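# An overview of the molecular structure
Below are the chains, spelled out letter by letter.
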Amino acid sequence: MNSSPVSRGQLIELNIYDLNNKGEGVGRYHGFTVFVPGTAAGDQVTASVLSVQKTYARALLHSVLHASDCRVTPPCVHHGACGGCQLQHLAYNEQLGLKRRLVATALQRLAGLDLAVQPVLGMADPWRYRNKAQIPVGSANGAVVTGFYAPRSHRIISMDSCLLQHPANDRAILAVREALQALAIPIYDETSHTGLVRHIMVRTSFTTGKTLLVLATNGRQLPESKQLVKMLSVSLGNLAGIVQNINTRRGNVILGNEEQLLCGLPYLEEKLGGLTFRVSSRSFLQVNTLQAEVLYAKVREYAALTGRETVFDLYCGAGTIGLYLSRQAKKVVGVEAISSAVTDARANAQINNIANTEFLQAQAEELVPKLLAGGYRAGVVVIDPPRKGCDAKLLATLTEMRPRRLIYVSCDPATLARDLRYLTNHGFAVREVQPVDMFPHTSHVETVVLMSRVEK
Ligand code: SAH
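Once that is clear, we can look at the sheet that holds strand E1 (residues 11–19). One closed barrel accounts for five strands, arranged E1-E2-E3-E5-E4; its pairing is mixed. Averaged over all pairs of adjacent strands, the angle between strand axes in this sheet comes to 50°, irrespective of strand direction. Where E1 and strand E4 (residues 44–52) come together, five bridges link them in antiparallel fashion. Residue pairing for E4: Leu14 is matched across the bridge by Val45.

Applying the stated criterion across every chain yields a total of three aromatic pairs. Between Phe35 and Tyr56, the aromatic rings sit 5.2 Å apart at their centres with planes inclined by 45°, giving tilted as the arrangement. Within this pair, whereas Phe35 is found in strand E3 (residues 32–36), its partner Tyr56 is found in strand E5 (residues 56–66), the two being separated by 21 residues in sequence. Residue classification places Phe35 among the buried positions, given a relative accessible area of 14%. You can call Tyr56 partly exposed: its relative accessible area is 27%. Ring centres of Tyr296 and Tyr324 lie 5.8 Å apart, and the angle between their planes is 50°; on these two criteria the pair is classed as tilted. Taken together, the residues Tyr296 in helix H4 (residues 289–303) and Tyr324 in helix H5 (residues 320–326) connect sequence positions 28 residues apart. Comparing Tyr296 with Tyr324, the two get one shared label, buried. The ring of Tyr188 has Arg198 lying over it, and the distance from NZ or CZ to the ring centre is 4.4 Å. The residue whose ring lies beneath Arg300 is Tyr324, and the NZ or CZ to ring-centre distance is 4.1 Å.

To continue, consider the pattern of salt bridges. Summed over all chains, the structure comprises 15 salt bridges. The salt bridge involving Glu259 is made with Arg282; its shortest N-O contact spans 3.6 Å. Highlighted residues: Glu259 in strand E12 (residues 258–264) and Arg282 in the loop between strand E14 (275–280) and H4, separated in sequence by 23 residues. Taking the relative accessible area as the measure of exposure, Arg282 reaches 28% and is therefore partly exposed.

Interface size is often expressed as the accessible area that is lost when the parts come together. Annotation of the protein chain at the domain level lists domain 1 (11–66), domain 2 (101–123 + 288–453) and domain 3 (132–268). In this structure, domain 1 and domain 2 have C-alpha centres spaced 36 Å apart.

Bringing the site of the ligand into the picture now. Around the ligand, the structure places 17 residues, and the nearest of them are Tyr296, Glu336, Gln363, Ala364 and Asp384. At 3.1 Å, a side-chain N or O of Thr320 approaches an oxygen atom of the ligand. Surface burial for the ligand is 91%, taken as the share of its 570 Å² of free accessible area covered by protein chains. The set of elements that each furnish at least two residues to the shell around the ligand consists of H5 and helix H7 (364–373). In terms of residue class, the shell around the ligand is made up of ten nonpolar, four polar and three charged.

Let's shift gears to the packing of helix H8 (residues 392–401) against helix H9 (residues 413–425). The interhelical angle for the contact between H8 and H9, taken along N-to-C directions, is 30°, at an axis separation of 10 Å. Viewed along their axes, H8 and H9 adopt a mutual orientation that is roughly parallel. For the pair H8 and H9, the sense of crossing is right-handed. Across the interface between the two elements, Leu395, Ala396 and Thr399 from H8 touch Asp419, Tyr422 and Leu423 from H9. A per-class count over the contact of H8 with H9 returns four nonpolar, one polar and one charged.

To continue, consider the pairing of strand E13 (residues 267–272). Direction of pairing for E13 relative to E14: antiparallel, over a ladder of six bridges. By the bridge assignment for E14, Lys271 is matched with Thr276.

An order of E17-E16-E15-E18-E19-E21-E20 is seen for the seven strands of this open sheet, with the pairing classed as mixed. Every interior strand has two partners, whereas the edge strands, strand E17 (357–361) and strand E20 (428–436), have only one. Strand-to-strand twist across the sheet, computed as the mean angle between neighbouring axes with direction ignored, equals 15°. Across four bridges, strand E15 (residues 310–314) lies against strand E18 (residues 380–383) in parallel orientation.

Counting 46 residues, the largest nonpolar core has Val299, Val311, Leu325, Val382, Ile407 and Val448 as the members making the most contacts within it. Where this core is concerned, the elements lending two or more residues are helix H1 (92–111), E14, H4, H5, helix H6 (339–351), E18, strand E19 (405–410) and strand E21 (446–453). Among the elements that line this core, the one with the most residues is H4, at six residues. Residue contributions to this core reach at least three from each of two domains, namely domain 2 (101–123 + 288–453) and domain 3 (132–268). Residues contacting Val382, with those up to four places away along its chain left out, are Val299, Val311, Phe312, Asp313, Leu314, Ile321, Leu325, Ile407 and Val409. Counting 43 residues, the second-largest nonpolar core is a separate cluster that includes Ala378, Cys390, Tyr408 and Met451.

A few words on unusual backbone geometry. With phi around 55°, His193 is a residue other than glycine that occupies positive phi space. On the secondary structure map, His193 appears in the loop between helix H2 (167–183) and strand E9 (197–204). The backbone phi angle of Ala304 is positive, close to 45°, even though this residue is not glycine.

With that settled, consider the environment of His66. Structurally, His66 can be placed in strand E5. We classify His66 as partly exposed; its relative accessible area is 46%. Along the backbone, His66 and Asn15 are 51 residues apart, and their C-alpha atoms lie at a distance of 9.1 Å. Beyond its immediate sequence surroundings of up to four residues, His66 is in contact with Gly42, Asp43 and Gln44.

Each value, and the rule that gives it
Residues numbered from 1 in each chain as written. Predicted model: local features only at pLDDT ≥ 70, side-chain atom pairs only at ≥ 80, totals over all residues. Heavy atoms only, no water. Pairing = 2+ DSSP bridges. Helix = DSSP H or I, 4+ residues; strand = E, 2+ residues; numbered from the N terminus. Axes fitted to C-alpha atoms, helices over the stretch in contact; angles between N-to-C directions. Phe/Tyr/Trp six-rings, centres within 6.5 Å; stacked < 30°, edge-to-face > 60°. Buried < 20%, exposed > 50% of the residue type's maximum accessible area, 1.4 Å probe, protein only. Lys NZ or Arg CZ within 6 Å of the ring centre and 35° of its normal. Salt bridge = Lys/Arg side-chain N within 4 Å of Asp/Glu carboxyl O. Domains from an automatic or database assignment. Near = heavy atom within 4 Å. Polar contact = N/O pair within 3.5 Å; in protein donor to acceptor, adjacent residues only side chain to side chain. Areas by Shrake-Rupley, 256 points an atom, 1.4 Å probe, with all protein chains shown as cover. Nonpolar A, V, L, I, M, F, W, Y, C, P; charged D, E, K, R; others polar. Parallel < 35°, antiparallel > 145°, perpendicular 65-115°, else oblique. Left-handed = near helix turned anticlockwise from the far one by under 90°. Contact = heavy atoms within 4.5 Å. Core = buried A, V, L, I, M, F, W, Y, C linked by side-chain atoms within 4.5 Å.

As structure tokens, then:
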């Protein structure tokens, strides 16, 4: 039985009244929910149906019959073809309003928490904010192509500039593309799993303008590597270093575990909050340097340290948050799963002459229960997990440890809501919810939450 009023390929007319958590417009066609990417609340559109599920359909925008007041003309020529900016057609203020609503809705629907969410902290200039680009390399008709994948495919669409990137990242990618072409270095082919260069990763410091370049290759031997380094050093004046990362596995993971330094240093140095951080290729660094400072300042405010506290910085990456808090704490213990990030974190303590921090390599959910069992606890805990949120074992341990303050930094409102539901049912109360716009023009939302333990 087909109960939906739409079918694949059908052209429908509908009014968009809201956006979902992927930034797609939501409309109803004869009462049936239809998602249309690239639309705004208040739009009247025609769209062709791409797929039909039980409770909703997805459709491709065909034409805008009446444009919403929220719309602006997207400045990027790739907008629409590139899936990177889901919200570029919305005025920036609208984007911020939407993100605030998305957080409130997730907390309400998934955690039953009716909370006042603070207005999103946005950017004064929300362009060219990314310090990092990861770009696939391919070839088409004998030419090297770098760009982005066409939606729902691995066909690379050529792109010379991305308005979200630091200009030095754009320049570095172009320079690599030209050098690969000039030296006829083999390009990776995903289908046959042959060829060599598969991805370019670049990271640029906003304080020094230096760039760390990483070439991910399907194999160790890189022909013409000396010549390649020479060409890139000439065309890119401000290189921190060039790293070859060897990744011979099939699949979407960009970086492998083995690296070879081709020139310079194997890490980039960046300044945040007056501290210097070195970050190597596989260590996490918030992609929006300016907003990382806004985020960390909020974490510091929420931590309200007096100098007497032990702080746990869980999922600590290169130690950024813990080191940032260390001057106001008695002691900071960072826990991080990736060993190169832990190495960076320890080096970062040294670079900044910080002696009251300790960084441990482990899964937080494995180590923190052991620390607690050993009588080791913290008065303030910061958790900053990846999108999937915290492991249940870690949450259970935190409710047993009962830190005075618990600060949750989240990049996914859905898993944040799931974890807050548990924490608020087990002795913590949410004090404040503050989204920070780390990813303007995309549907991604970053949130900092202050919780405190409820006294029994
Ligand atoms: N707080 C840091 C990093 C946050 S990103 C910053 O602001 O820069 C999340 C980090 O968690 C990554 O570095 C990732 O390697 C690490 N991670 C992922 N799963 C983990 C786990 N189970 N235990 C500890 N660290 C983990």
